[in-house]
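Residue-level listing of the chains:
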Amino acid sequence: MPSTPLTIFILSGGAGFSGEYLVNTVLAQYPEAHVKLKTVSSLRREAQVREALAQAHKNQALVVHTFVDQALRRVVIEGAAHLGLEAIDLSGPLFDWLTPALGQAPAGQPGLYRQLHQQYFERVAAIDYSMAHDDGKHPEGWAQADIMLVGVSRAGKTPLSLYLAVLGWKVANYPLVPQIPVPEALFKLDPARVFGVNIDLQQLMLYRMKRQAGLGVSGPSAYVDPEAVEEELREARRLFRRHGFKVINMTDKTIEMGADEILQRVEGRR
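Since we're looking at a predicted model, the values are computed, not measured. Each chain has its residues counted from 1, running along the sequence as written. Only residues with pLDDT of at least 70 are given local features in this predicted model, and only at 80 or more are side-chain atom pairs given and counted; all residues enter the totals for whole chains, interfaces and linings. Heavy atoms throughout the structure, all of them, feed into the side-chain values; hydrogens and water do not.

A closer look at the nonpolar core
So, step 1. If you look at the biggest cluster of nonpolar residues, it comprises 38 residues, and the most contacted ones within it are Ile147, Met148, Leu149, Val150, Leu164, Leu186 and Ile262.
So, step 2. Numbering of helices and strands starts at the N terminus; helices are DSSP runs of H or I of at least 4 residues and strands are runs of E of at least 2. Breaking this core down by element, the ones donating at least two residues are β5 (147-152), α7 (157-166), β6 (171-176), β7 (194-198), α9 (201-214), α10 (226-243) and α11 (255-269).
So, step 3. Residue contacts follow a heavy-atom distance rule, with two residues in contact if any of their heavy atoms lie within 4.5 Å. With sequence-adjacent residues up to four places away left out, Leu149 is seen in contact with Lys157, Leu160, Ser161, Val171, Ala172, Asn173, Tyr174, Phe195, Val197 and Ile262. By nonpolar core we mean a set of buried residues, namely Ala, Val, Leu, Ile, Met, Phe, Trp, Tyr and Cys, connected to one another through side-chain atoms within 4.5 Å. When a residue's accessible area, from a 1.4 Å probe over protein chains only, is under 20% of the maximum for its type it is buried; when over 50% it is exposed; and in between it is partly exposed.

Digging into the packing of α9 against α10
So, step 1. Between the N-to-C directions of two axes lies an angle of 0 to 180 degrees, each axis being a line fitted to C-alpha atoms and, for a helix, fitted only over the stretch in contact. At a minimum axis separation of 10 Å, α9 and α10 run at an interaxial angle of 120 degrees. With respect to the hand of their crossing, α9 and α10 are arranged in right-handed fashion. Residue-level inspection shows Leu201, Leu204, Met205 and Arg208 of α9 in contact with α10, the latter providing Pro226, Val229, Glu230, Glu232 and Leu233.
So, step 2. Residues belonging to the contact of α9 with α10 are distributed by class as follows: 6 nonpolar, no polar and 3 charged. What makes a crossing left-handed is the near helix being turned counterclockwise from the far one by less than a right angle; a clockwise turn instead makes it right-handed. We call Asp, Glu, Lys and Arg charged. Ala, Val, Leu, Ile, Met, Phe, Trp, Tyr, Cys and Pro are nonpolar, and the rest, Gly among them, are polar.

Let's talk about the layout of surface pockets
So, step 1. The space that makes up the largest pocket amounts to roughly 860 Å³.
So, step 2. Mapped by element, the contributors of at least two residues to the lining of the largest pocket are α1 (17-27), α4 (92-102) and α5 (112-116).
So, step 3. In terms of residues, the lining of the largest pocket owes the most to one element, α4, which gives 5 residues.
So, step 4. Residue composition of the lining of the largest pocket, by class: 17 nonpolar, 14 polar and 2 charged.
So, step 5. As defined here, a cavity is a set of points on a 1 Å grid over the protein atoms alone where a 1.4 Å probe fits but cannot get out. A pocket is an open set with protein on both sides within 12 Å along at least five of seven lines, and residues line them when an atom is within 4 Å of a point. Grid points are joined across faces, edges and corners, and a volume is the space filled by probe spheres set on the points. Estimates place the volume of the second largest pocket at around 310 Å³.
So, step 6. Sorting the residues of the lining of the second largest pocket by element identifies α7 and α9 as the ones contributing at least two each.
So, step 7. Here the lining of the second largest pocket takes 3 residues from α7, the largest share from any one element.
So, step 8. Of the residues contributing to the lining of the second largest pocket, the split by class is 8 nonpolar, 4 polar and 4 charged.

Let's talk about the pattern of salt bridges
So, step 1. In what follows, salt bridge is the name for a side-chain nitrogen of Lys or Arg lying within 4 Å of a carboxyl oxygen of Asp or Glu. According to the stated counting rule, one finds 11 salt bridges in the structure shown.
So, step 2. As a salt-bridge pair, Glu235 and Arg238 come within 2.7 Å of each other at their nearest N and O atoms. Of this pair, Glu235 and Arg238 both sit in helix α10, separated by 3 residues, roughly a single helical turn.
So, step 3. When its relative accessible area of 31% is taken as the criterion, Arg238 is described as partly exposed.
So, step 4. Note that Arg265 and Glu261 form a salt bridge whose closest N and O atoms lie 3.1 Å from each other. Taken together, the positions of Arg265 and Glu261, both in helix α11 and 4 residues apart, correspond to about one turn of that helix.
So, step 5. Relative accessible area serves as the criterion here: at 30%, Arg265 is assigned to the partly exposed category.
So, step 6. The exposure class of Glu261 is partly exposed, given its relative accessible area of 22%.
So, step 7. The network of salt bridges with shared partners includes Glu230, Glu231, Arg234, Glu235, Arg238 and Arg242.

Describing the packing of aromatic side chains
So, step 1. Aromatic rings from Phe, Tyr and Trp, taking only the six-membered ring of Trp, are treated as a pair when their centres fall within 6.5 Å; an angle between ring planes under 30 degrees marks them as stacked, one over 60 as edge-to-face, and anything in between as tilted. Throughout the structure, instances matching the rule amount to 1 aromatic pair.
So, step 2. Aromatic pair Trp142 and Tyr174: ring centres 5.8 Å apart, planes at 65 degrees, arrangement edge-to-face. Linking Trp142 in the loop between α6 (118-132) and β5 with Tyr174 in strand β6, this pair joins segments that are 32 residues apart in sequence.
So, step 3. Take Trp142: its relative accessible area is 0%, and that puts it in the buried class.

Considering the side chain of Ser12
So, step 1. Structurally, Ser12 can be placed in the loop between β1 (6-11) and α1.
So, step 2. The class for Ser12 is buried, based on a relative accessible area of 5%.
So, step 3. Filtering out sequence-adjacent residues up to four positions away, Ser12 remains in contact with Val40, Ser41, Ser42, Leu43, Thr66 and Phe67.

Quick look at the structure:
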(Lines give C-alpha, C1' and ligand atoms only; values in the text may rest on other atoms or scores of the structure.)
Protein backbone atom coordinates (compact mmCIF):
# COMPACT_ATOMS: atom_id res chain seq x y z
CA MET A 1 0.00 0.00 0.00
CA PRO A 2 1.32 3.50 -0.84
CA SER A 3 2.29 5.68 2.12
CA THR A 4 0.16 8.58 0.84
CA PRO A 5 -3.33 8.29 -0.68
CA LEU A 6 -3.62 8.37 -4.44
CA THR A 7 -5.28 11.46 -5.91
CA ILE A 8 -7.23 11.38 -9.16
CA PHE A 9 -8.22 14.54 -10.98
CA ILE A 10 -11.24 14.11 -13.28
CA LEU A 11 -11.26 16.83 -15.94
CA SER A 12 -14.34 17.52 -18.03
CA GLY A 13 -15.86 20.12 -20.29
CA GLY A 14 -19.27 19.19 -18.90
CA ALA A 15 -20.39 18.24 -15.40
CA GLY A 16 -17.93 15.35 -15.13
CA PHE A 17 -20.55 12.75 -14.21
CA SER A 18 -19.45 10.18 -16.78
CA GLY A 19 -15.84 10.31 -15.59
CA GLU A 20 -16.87 10.17 -11.93
CA TYR A 21 -19.16 7.21 -12.56
CA LEU A 22 -16.55 5.15 -14.39
CA VAL A 23 -13.76 5.94 -11.92
CA ASN A 24 -15.98 5.08 -8.96
CA THR A 25 -17.10 1.88 -10.66
CA VAL A 26 -13.48 0.79 -11.01
CA LEU A 27 -12.53 1.92 -7.50
CA ALA A 28 -15.32 -0.24 -6.08
CA GLN A 29 -13.07 -3.19 -6.94
CA TYR A 30 -10.51 -1.87 -4.44
CA PRO A 31 -12.61 -1.59 -1.26
CA GLU A 32 -9.63 -1.10 1.04
CA ALA A 33 -7.97 1.60 -1.05
CA HIS A 34 -8.09 5.24 0.00
CA VAL A 35 -8.30 7.43 -3.08
CA LYS A 36 -9.03 11.15 -3.21
CA LEU A 37 -11.16 12.26 -6.16
CA LYS A 38 -11.34 15.82 -7.40
CA THR A 39 -13.64 16.66 -10.30
CA VAL A 40 -12.84 19.82 -12.23
CA SER A 41 -15.83 20.49 -14.47
CA SER A 42 -17.00 23.02 -17.06
CA LEU A 43 -13.52 23.47 -18.55
CA ARG A 44 -14.20 25.34 -21.78
CA ARG A 45 -10.98 27.31 -22.33
CA GLU A 46 -7.35 26.30 -22.78
CA ALA A 47 -6.25 28.42 -19.83
CA GLN A 48 -8.71 26.62 -17.55
CA VAL A 49 -7.38 23.24 -18.65
CA ARG A 50 -3.77 24.25 -18.07
CA GLU A 51 -4.62 25.55 -14.59
CA ALA A 52 -6.32 22.24 -13.75
CA LEU A 53 -3.27 20.33 -14.97
CA ALA A 54 -1.01 22.53 -12.84
CA GLN A 55 -3.13 21.68 -9.78
CA ALA A 56 -2.97 17.99 -10.64
CA HIS A 57 0.82 18.24 -10.96
CA LYS A 58 1.01 19.97 -7.58
CA ASN A 59 -0.93 17.07 -6.03
CA GLN A 60 1.03 14.41 -7.93
CA ALA A 61 -2.29 13.17 -9.22
CA LEU A 62 -3.45 10.82 -11.91
CA VAL A 63 -5.47 12.70 -14.55
CA VAL A 64 -8.61 11.21 -16.05
CA HIS A 65 -10.39 13.22 -18.74
CA THR A 66 -13.56 12.98 -20.83
CA PHE A 67 -13.36 15.90 -23.24
CA VAL A 68 -15.58 15.89 -26.31
CA ASP A 69 -13.92 19.09 -27.59
CA GLN A 70 -11.02 17.70 -29.61
CA ALA A 71 -8.90 20.84 -29.26
CA LEU A 72 -9.11 20.75 -25.47
CA ARG A 73 -8.48 17.02 -25.52
CA ARG A 74 -5.17 17.68 -27.28
CA VAL A 75 -4.33 20.38 -24.72
CA VAL A 76 -4.78 17.85 -21.92
CA ILE A 77 -2.73 15.15 -23.63
CA GLU A 78 0.13 17.47 -24.56
CA GLY A 79 0.02 19.40 -21.28
CA ALA A 80 0.06 16.24 -19.19
CA ALA A 81 2.99 14.87 -21.15
CA HIS A 82 4.91 18.13 -20.67
CA LEU A 83 4.33 17.99 -16.88
CA GLY A 84 5.11 14.29 -16.66
CA LEU A 85 1.57 13.45 -15.56
CA GLU A 86 -0.11 10.15 -16.25
CA ALA A 87 -3.33 10.94 -18.15
CA ILE A 88 -6.09 8.51 -19.09
CA ASP A 89 -8.41 9.51 -21.92
CA LEU A 90 -11.79 7.85 -21.32
CA SER A 91 -13.62 9.10 -24.42
CA GLY A 92 -10.96 9.93 -27.02
CA PRO A 93 -10.22 6.40 -28.31
CA LEU A 94 -13.94 5.79 -28.83
CA PHE A 95 -14.22 9.03 -30.81
CA ASP A 96 -11.20 8.01 -32.85
CA TRP A 97 -12.86 4.72 -33.77
CA LEU A 98 -16.42 5.99 -34.30
CA THR A 99 -15.61 9.01 -36.46
CA PRO A 100 -14.31 7.09 -39.51
CA ALA A 101 -16.67 4.18 -38.85
CA LEU A 102 -19.72 6.46 -38.92
CA GLY A 103 -18.34 8.79 -41.56
CA GLN A 104 -19.16 11.92 -39.60
CA ALA A 105 -17.50 14.23 -37.14
CA PRO A 106 -18.70 14.39 -33.51
CA ALA A 107 -20.65 17.46 -32.39
CA GLY A 108 -18.01 18.26 -29.77
CA GLN A 109 -20.60 19.88 -27.51
CA PRO A 110 -19.98 19.41 -23.75
CA GLY A 111 -22.98 18.34 -21.68
CA LEU A 112 -25.00 17.21 -24.70
CA TYR A 113 -25.94 13.84 -23.16
CA ARG A 114 -27.22 15.56 -20.03
CA GLN A 115 -29.25 18.00 -22.12
CA LEU A 116 -30.84 15.15 -24.09
CA HIS A 117 -31.70 13.31 -20.84
CA GLN A 118 -32.45 16.32 -18.65
CA GLN A 119 -35.72 14.92 -17.35
CA TYR A 120 -33.97 11.78 -16.10
CA PHE A 121 -31.24 13.75 -14.31
CA GLU A 122 -33.82 16.07 -12.73
CA ARG A 123 -35.72 13.05 -11.45
CA VAL A 124 -32.58 11.52 -9.95
CA ALA A 125 -31.73 14.86 -8.33
CA ALA A 126 -35.24 15.08 -6.88
CA ILE A 127 -35.00 11.58 -5.39
CA ASP A 128 -31.57 12.35 -3.90
CA TYR A 129 -32.88 15.60 -2.43
CA SER A 130 -36.02 14.04 -0.96
CA MET A 131 -34.14 11.16 0.66
CA ALA A 132 -31.59 13.57 2.14
CA HIS A 133 -34.34 15.82 3.53
CA ASP A 134 -36.64 13.12 4.89
CA ASP A 135 -37.86 13.19 8.49
CA GLY A 136 -36.77 16.76 9.22
CA LYS A 137 -33.13 16.39 8.21
CA HIS A 138 -31.04 19.31 6.92
CA PRO A 139 -33.45 22.25 7.47
CA GLU A 140 -30.83 24.53 5.95
CA GLY A 141 -31.74 23.00 2.59
CA TRP A 142 -35.53 23.35 2.86
CA ALA A 143 -35.49 26.53 0.80
CA GLN A 144 -34.63 24.43 -2.27
CA ALA A 145 -37.72 22.22 -1.86
CA ASP A 146 -40.53 22.43 -4.41
CA ILE A 147 -42.91 21.04 -1.80
CA MET A 148 -42.68 20.84 2.00
CA LEU A 149 -44.78 18.33 3.96
CA VAL A 150 -45.50 18.74 7.69
CA GLY A 151 -47.46 16.44 9.96
CA VAL A 152 -47.49 14.11 12.93
CA SER A 153 -45.70 10.76 12.90
CA ARG A 154 -47.22 8.10 10.57
CA ALA A 155 -49.47 10.58 8.75
CA GLY A 156 -47.90 9.53 5.43
CA LYS A 157 -45.25 12.20 4.81
CA THR A 158 -42.35 9.97 3.75
CA PRO A 159 -44.29 7.82 1.24
CA LEU A 160 -45.76 10.99 -0.27
CA SER A 161 -42.31 12.59 -0.45
CA LEU A 162 -40.73 9.64 -2.25
CA TYR A 163 -43.64 9.19 -4.65
CA LEU A 164 -43.51 12.88 -5.62
CA ALA A 165 -39.72 12.68 -5.94
CA VAL A 166 -40.05 9.88 -8.51
CA LEU A 167 -42.22 12.29 -10.48
CA GLY A 168 -39.39 14.84 -10.37
CA TRP A 169 -40.37 17.05 -7.42
CA LYS A 170 -37.93 17.96 -4.67
CA VAL A 171 -39.81 17.31 -1.44
CA ALA A 172 -38.74 17.77 2.17
CA ASN A 173 -40.79 16.70 5.16
CA TYR A 174 -40.84 17.47 8.86
CA PRO A 175 -42.43 15.38 11.65
CA LEU A 176 -44.28 17.26 14.37
CA VAL A 177 -43.23 15.79 17.72
CA PRO A 178 -44.73 16.90 21.05
CA GLN A 179 -42.45 19.08 23.19
CA ILE A 180 -39.95 19.60 20.34
CA PRO A 181 -39.94 23.15 18.88
CA VAL A 182 -40.47 23.47 15.15
CA PRO A 183 -37.40 24.92 13.37
CA GLU A 184 -37.75 28.54 12.34
CA ALA A 185 -36.66 27.52 8.84
CA LEU A 186 -40.14 26.10 8.27
CA PHE A 187 -41.84 29.46 8.82
CA LYS A 188 -39.49 31.21 6.40
CA LEU A 189 -40.80 29.12 3.49
CA ASP A 190 -43.51 30.28 1.10
CA PRO A 191 -46.66 28.89 2.80
CA ALA A 192 -48.17 28.22 -0.62
CA ARG A 193 -45.78 25.28 -1.07
CA VAL A 194 -46.06 23.94 2.48
CA PHE A 195 -48.67 21.22 2.99
CA GLY A 196 -49.95 20.08 6.35
CA VAL A 197 -50.64 16.34 6.23
CA ASN A 198 -53.74 15.46 8.25
CA ILE A 199 -55.30 12.05 8.99
CA ASP A 200 -58.23 10.62 10.95
CA LEU A 201 -57.49 9.63 14.55
CA GLN A 202 -58.61 6.01 14.21
CA GLN A 203 -56.56 5.39 11.10
CA LEU A 204 -53.53 7.05 12.63
CA MET A 205 -53.89 4.89 15.74
CA LEU A 206 -53.94 1.76 13.58
CA TYR A 207 -50.75 2.82 11.75
CA ARG A 208 -48.97 3.68 14.99
CA MET A 209 -49.90 0.43 16.71
CA LYS A 210 -48.58 -1.52 13.72
CA ARG A 211 -45.42 0.57 13.79
CA GLN A 212 -44.91 0.01 17.51
CA ALA A 213 -45.49 -3.73 17.15
CA GLY A 214 -43.03 -3.85 14.27
CA LEU A 215 -40.41 -2.30 16.53
CA GLY A 216 -41.04 -4.95 19.15
CA VAL A 217 -42.40 -2.43 21.65
CA SER A 218 -45.34 -3.40 23.83
CA GLY A 219 -47.32 -1.74 26.59
CA PRO A 220 -48.88 1.72 26.90
CA SER A 221 -47.10 4.82 25.62
CA ALA A 222 -47.98 8.36 24.58
CA TYR A 223 -47.26 7.31 21.00
CA VAL A 224 -50.41 5.14 20.94
CA ASP A 225 -52.47 6.77 23.70
CA PRO A 226 -55.71 7.96 22.02
CA GLU A 227 -55.98 11.17 24.03
CA ALA A 228 -52.34 12.11 23.49
CA VAL A 229 -52.55 11.33 19.77
CA GLU A 230 -55.75 13.32 19.41
CA GLU A 231 -54.03 16.30 21.05
CA GLU A 232 -51.13 15.92 18.59
CA LEU A 233 -53.58 16.15 15.70
CA ARG A 234 -55.32 19.18 17.19
CA GLU A 235 -52.03 20.98 17.73
CA ALA A 236 -50.94 20.14 14.17
CA ARG A 237 -54.17 21.61 12.75
CA ARG A 238 -53.63 24.76 14.83
CA LEU A 239 -50.14 25.08 13.39
CA PHE A 240 -51.45 24.67 9.83
CA ARG A 241 -54.10 27.37 10.32
CA ARG A 242 -51.77 29.75 12.13
CA HIS A 243 -49.24 29.76 9.32
CA GLY A 244 -51.56 29.45 6.35
CA PHE A 245 -50.39 26.02 5.24
CA LYS A 246 -52.54 24.09 2.80
CA VAL A 247 -53.95 20.87 4.25
CA ILE A 248 -54.07 17.46 2.61
CA ASN A 249 -56.15 14.83 4.39
CA MET A 250 -54.74 11.33 3.84
CA THR A 251 -57.58 9.45 5.55
CA ASP A 252 -58.58 6.48 3.35
CA LYS A 253 -56.43 7.77 0.49
CA THR A 254 -53.73 6.01 -1.44
CA ILE A 255 -50.36 7.69 -1.81
CA GLU A 256 -51.14 8.27 -5.49
CA MET A 257 -54.41 10.05 -4.63
CA GLY A 258 -52.73 12.26 -2.04
CA ALA A 259 -49.88 13.15 -4.38
CA ASP A 260 -52.31 13.96 -7.17
CA GLU A 261 -54.22 16.32 -4.89
CA ILE A 262 -51.00 18.08 -3.88
CA LEU A 263 -49.87 18.47 -7.48
CA GLN A 264 -53.24 19.83 -8.56
CA ARG A 265 -52.89 22.59 -5.99
CA VAL A 266 -49.20 23.27 -6.74
CA GLU A 267 -49.65 23.30 -10.52
CA GLY A 268 -52.90 25.23 -10.24
CA ARG A 269 -51.02 27.94 -8.37
CA ARG A 270 -48.41 28.00 -11.12
